[in-house]
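Notes for the structure review
Each chain is listed here by its residues.
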Amino acid sequence: MFLGIEWYWWIVIAAVLVISIPLKVKFMKWWSKREQDKKKVRYERWGDEE
């Protein structure tokens, strides 16, 4: 036991981290692209003086 947790819980925690970190990176890239597309659409509209 390390910090009062059985060894198999450490495997579960490690698996969750290994899965969640790439998903977070993918989500952040998607969100950034989405925000850029929103800005691009806003500035490409005809008649905008911005």
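In short, a report on the structure. (Residues numbered from 1 in each chain as written. Predicted model: local features only at pLDDT ≥ 70, side-chain atom pairs only at ≥ 80, totals over all residues. Heavy atoms only, no water.)

With the rule as written, the count across this model stands at five aromatic pairs. Measuring from ring centre to ring centre gives 5.7 Å for Trp7 and Tyr8, while their planes differ by 85°; the resulting arrangement is edge-to-face. A relative accessible area of 40% means that Tyr8 is categorised as partly exposed. Relative to Trp9, the ring of Tyr8 has its centre 5.8 Å away and its plane inclined at 45°; by these criteria the two rings are tilted. Grouping aromatic residues by their ring pairs yields a cluster made of Trp7, Tyr8 and Trp9. For the cation-ring pair, Arg34 lies above Trp31, with the distance from its terminal atom to the ring centre recorded as 4.6 Å. (Phe/Tyr/Trp six-rings, centres within 6.5 Å; stacked < 30°, edge-to-face > 60°. Buried < 20%, exposed > 50% of the residue type's maximum accessible area, 1.4 Å probe, protein only. Lys NZ or Arg CZ within 6 Å of the ring centre and 35° of its normal.)

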